[in-house]
Amino acid sequence: MLEQYCEKDQGTRTATGEDEAIGFGADLELNQFDGLPFSSRYYKLLSERKTLSVWSVRVDFMELLVNNQIVIVSGHAKTGKSTQIPQWCAEFCLSSQYQHGVVVCTQIHRQQAVDLALRVADEMDVNIGHEVGYTVPLENCCSSDTILRYCTDDMLLREMMSDPLLERYGAIVIDQAHERTVSTDVLLGLLKDLRRQRPELRVVVLTASPAADKLLGHCGTASVIRLQSACPAEVVYSNSSNKDYFYSALRLVLEIHRTKEEGDVVVFLASAQEIECACCILQREGTRLGADLGPLVPVALYPGKARVVPLPDEEKVSRKKSRRVFLSGHQGEDMLMAVDTVNFVIDTGVEKTLVYNPRIRANSEILRPISRCQADIRKQLTGTTGKCFCLYPEEKTLHAENPPQILESNITSTVLFLKRMDIAGLGHCDFINRPDPEGLMQALEELDYLAALDDDGNLSEIGIIISEFPLDPQMAKALLASCEFDCVSEVVTIAAMLSGPSCFLEPLVGINHEAIQCHRKFQHPEGDYFTLINVYNAFKQSQRETYFSVEKWCQDYFLDHTALKTADAVRSELIDILKRIELPISEPFFGTKSNTHNIKRALLAGFFMQIARDVDGSGNYFMLTHKHMAQLHPLSSYGAKAQKLGLPEWVLFHEYALSENNCIRTVSEINPEVFIQMAPQYFFYNLPPSESKDILQNLLDTVGPGKHKKIRTAAIINNEADKDCAVAQAYDRCVIQ
């Protein structure tokens, strides 16, 4: 088999008698994947591929893949490992006529999976969606002919729910393992056990060099290929840590542009907010520069943004005398691999990230240094002729690897998935870094509150249904409750709108008032959850209008067209899941009093842990679960009418993070009596002591235990079950059990 690969490498493939029968002749080489002659473009791209550093280990890699179940390939940016190694795995699977399955390659970002699939299909001289395809959230571009599939790591995890042994795949490539996302870590843990059950399976792990030894220690008997890095670019360090890194980076961009040296610039900033702000500043300052310098074109590039980096051929067509400034951040390094025009990198050396605190069930926003792994990758982006400006001193201590996200994230959804995979106690998932015990206990407690676990700690029927939805467990529980309260159409809209990026665009400086006035036209008196329904309904109405475009409508109202399209696609997917598992879908009755009440009940069924009370009437909200204080977000529906109507005393909120302004976002007023009805009593009794809890206790005592139980029984079973049985269920579980 190895000799066969060497022959292919030398381009000495011999035409077979079958080729001659087809009539192509001995001088035309046929594509082994689709049986058609190669195009001239294939040979052009092949010559480019052979210049990649990964190509020098092709024969060694194929030999290791034949003789080993797991292979680790480590190397820095622009080695070509993300495009070439999946193709070689496809050749390996073809050599056995796919009897063990086809190839899948995971990516951590949706757009990266799409772009790589397009590039690889071009290099293999096949059609995208046929021999090479991709599967990302809300989009499946594959067919029965697909032998190489790119997908996001979370999509492969969801595929394991229906195919635990991943029997359709003969080779699994885990790319970007050094990023240590939750989904990638879980995949690596599960694949370690899966390899024992499927000895014919091949697993290839692609990672940056600093993380190779850590992964090797986890995988055990793996073989390792270490790619040689090109000579690093010229690196210029700052003399001291620069607290004003943001403006220092922008000033450096303008200085580079004034030198008239060729090449694009990449700036790594701390957060998406800084990226958008920098984009506005550079657009404004770029217009003030001399015309002889050429246009300065800032490009915001971070996860969640649509693809704005053109593919290589697009670059050659569109490039003139302009200089692009790519503004990126954490996990944005891989998005720039396809760009060969970068000559300058400015690395601020910091990142702003959210770290989950299980004690308060909230994220904390922190600013911290990047890892040495990230710093090394960024230095490689310029090639050997560029310059990398590090806005921190050379002697600054950086952690060697990226911190595992499983130690910094809310793992409730992960625990729900592992429970679905029948991994009771998580003992069979060999994590690289085991989850924090406190975070694990909080996740199990939350699932228990949501009635997703039975008395033995296994998934209940409700838990199984919740796991079917690609949603946070709390939102999935609210959606399930909406089936009981006849408000599915409205709650599924809320779920879709909250699943993606915000639909409200943050306006540029100077037109903030105009944007706020436009957004107020969608505000609903019952709060932000209902405002989201108004926005979505207006968006759907605009699609039916023929005298203006939807894009123009979104622009006029300062709404994000891409976010609304995503929400529409998510909503359709959720409706399909509801139909597949045969749950009732009620007709929309948005705007009626009973519908408003039922929407709040459904939301409380899932988000009863996210309740706050205004303790002094001035907007200082006390959160009952962890006794922290916060204010309403300035763009909340209630903020606009606070002066006239006052603020609601009790609210349900969707999002809270410990940051400089400590705001709760997406809030709606609730009735405390309804909260008492919907929240499990054992959750209520576990709340820490506070004045707000005493108020709720007095309400509970006033209502009386008998009346309270009857109300909850009606909400749960609609008076169809025996009263005593219903009271027992209401006492222990939440809403629908």
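Scroll up a little and you will see the structure.
Model, not experiment: these values are computed from the prediction.

A.B. asks: Quick rundown of the overall build of the protein chain? Include the residues and the values.
C.D. replies: Of regular secondary structure, the protein chain possesses 29 helices and 21 strands. Taking as baseline every contact in the protein chain between residues at least 6 positions apart, the subset at least 24 positions apart corresponds to 74%. Carbon and sulfur atoms provide 50% of the accessible area of the protein chain, an area that totals close to 32,200 Å².

A.B. asks: For the environment of Glu 333, give the residues involved together with the corresponding values.
C.D. replies: On the secondary structure map, Glu 333 appears in the loop between β12 (323-328) and β13 (342-347). Classification of Glu 333 by relative accessible area gives buried; the value is 1%. Note: C-alpha distance between Glu 333 and Phe 268 (65 residues apart in sequence) is 8.8 Å. When near neighbours in sequence (up to four residues on either side) are disregarded, Glu 333 contacts Glu 179, Phe 268, Gln 374, Ile 377, Arg 378 and Leu 381.

A.B. asks: Before we move on, can you summarise helix α18 (residues 488-499) with the specific residues and values?
C.D. replies: Taking 1.5 Å of rise per residue, the twelve residues of α18 would be expected to cover 16 Å, and the 16 Å separating its terminal C-alpha atoms lies within 8% of that figure. Summarising burial for α18: eleven of the twelve residues are buried, a large majority. Every buried residue of α18 is accounted for by Val 488, Ser 489, Glu 490, Val 491, Val 492, Thr 493, Ile 494, Ala 495, Ala 496, Met 497 and Leu 498. Where α18 is buried, its residues touch α17 (473-484), α20 (528-544), α22 (561-580), α23 (593-607), β20 (650-658) and β21 (663-669).

A.B. asks: I'd like a rundown of the sheet that holds strand β8 (residues 223-226), residues and numbers included.
C.D. replies: Across the sheet, eight strands lie side by side as β4-β3-β5-β2-β6-β7-β1-β8; this open sheet has mixed pairing. Every other strand in the sheet has two partners, leaving β4 (139-141) and β8 as the edge strands with one partner each. Pairwise comparison of adjacent strand axes, ignoring direction, gives a mean angle of 20° for this sheet. Taken together, the five bridges between strand β1 (residues 70-74) and strand β7 (residues 202-207) define a ladder with parallel strand orientation. Bridge pairing in β7 places Ser 74 opposite Thr 207. Against the sheet, helix α8 (residues 182-197) makes contact with β1, β2 (102-107), β6 (169-174) and β7, and its axis sits at roughly 145° relative to β6, the strand it touches most.

A.B. asks: Give a detailed account of the sheet that holds strand β9 (residues 234-237), specifying residues and quantitative values.
C.D. replies: Spatially, six strands are ordered β9-β16-β13-β10-β12-β11 in an open sheet, and the strand pairing comes out parallel. For this open sheet the edge positions go to β9 and β11 (296-300), each flanked by a neighbour on one side alone. With strand direction ignored, the average angle separating the axes of adjacent strands in the sheet is 20°. The sheet contact formed by β9 and strand β16 (residues 387-390) spans four bridges and is parallel. Residue pairing for β16: Glu 234 is matched across the bridge by Lys 387.

A.B. asks: So what's going on with the pattern of salt bridges? Which residues, and what values?
C.D. replies: Tallied over the entire structure, the rule returns 31 salt bridges. Linking Asp 347 and Arg 378 is a salt bridge whose minimum nitrogen-to-oxygen distance equals 2.7 Å. Here Arg 378 lies in helix α13 (residues 372-379) and Asp 347 lies in strand β13, a separation of 31 residues in the sequence. Relative accessible area serves as the criterion here: at 1%, Asp 347 is assigned to the buried category. Three or more residues joined by partner-sharing salt bridges are found here, namely Lys 44, Glu 48, Arg 49, Arg 119 and Glu 123.

A.B. asks: Describe in detail the nonpolar core, supporting the description with residues and values.
C.D. replies: Counting 153 residues, the largest nonpolar core has Phe 61 and Phe 675 as its most contacted members. Setting aside its immediate chain neighbours within four residues, Phe 61 contacts Val 71, Val 73, Ile 85, Trp 88, Cys 89, Val 204 and Ile 225. Membership of the second largest hydrophobic core comes to 29 residues, among which are Ile 256, Ala 270, Leu 296 and Ala 300.

A.B. asks: Can you explain the packing of helix α7 (residues 153-162) against α8? Please cite residues and give values.
C.D. replies: Here α7 crosses α8 at 45°, and the two axes come no closer than 9 Å. In terms of orientation, α7 lies oblique with respect to α8. Seen from above, α7 lies across α8 with left-handed handedness. For the pair formed by α7 and α8, the contact residues are Asp 153, Asp 154, Leu 156, Leu 157 and Met 160 on the first element and Ser 183, Thr 184, Val 186, Leu 187, Leu 190 and Leu 194 on the second. Taken together, the residues that form the contact of α7 with α8 break down as seven nonpolar, two polar and two charged.

A.B. asks: Got a sec to walk through the pairing of β1? Specific residues and values, please.
C.D. replies: Where burial is concerned, most of β1 is hidden: five out of the five residues are buried. Judged by which residues are buried, β1 turns out to be covered on both faces: Ile 70, Ile 72 and Ser 74 on one side and Val 71 and Val 73 on the other are all buried. Bridging between β1 and β8 involves four bridges; their strand directions are parallel. Of the residues in β8, the one forming a bridge with Val 73 is Ile 225.

Quick notes on the rules
Within every chain, residues take consecutive numbers counted from 1 along the sequence as written. Under the rules for a predicted model, residues below a pLDDT of 70 receive no local features and side-chain atom pairs below 80 are neither given nor counted, while totals for whole chains, interfaces and linings still include all residues. Processing note: side-chain calculations cover all non-hydrogen atoms of the structure and skip hydrogens and water entirely. The helix count covers DSSP runs of H or I at least four residues long, the strand count covers runs of E at least two residues long, and both are numbered beginning at the N terminus. Should any heavy atoms of two residues lie within 4.5 Å, those residues are counted as being in contact. Residue-level accessible areas treat just the shown protein chains as cover; the underlying method is Shrake-Rupley with a 1.4 Å probe. Each residue gets one of three labels from its accessible area relative to the maximum for its type: buried under 20%, exposed over 50%, partly exposed in between, using a 1.4 Å probe on protein chains only. The span one expects for a helix is its residue count, reduced by one, times 1.5 Å. Only when DSSP finds a minimum of two bridges between them are two strands counted as paired. Here the axes come from fitting lines to C-alpha atoms, over the contacting stretch only for helices, and the angles between their N-to-C directions go from 0 to 180 degrees. By definition here, a salt bridge exists when the distance from a side-chain nitrogen of Lys or Arg to a carboxyl oxygen of Asp or Glu is within 4 Å. Among the buried residues, those of types Ala, Val, Leu, Ile, Met, Phe, Trp, Tyr and Cys that are joined through side-chain atoms within 4.5 Å form a nonpolar core. Angular relationships are summarised with four words: roughly parallel below 35 degrees, roughly antiparallel beyond 145, roughly perpendicular across 65 to 115, and oblique for the angles in between. Note: crossing handedness is left-handed where the near helix turns anticlockwise from the far helix by less than a right angle, and right-handed where it turns clockwise. Only Asp, Glu, Lys and Arg are considered charged in this grouping, and only Ala, Val, Leu, Ile, Met, Phe, Trp, Tyr, Cys and Pro are considered nonpolar; every other residue, Gly among them, is considered polar.

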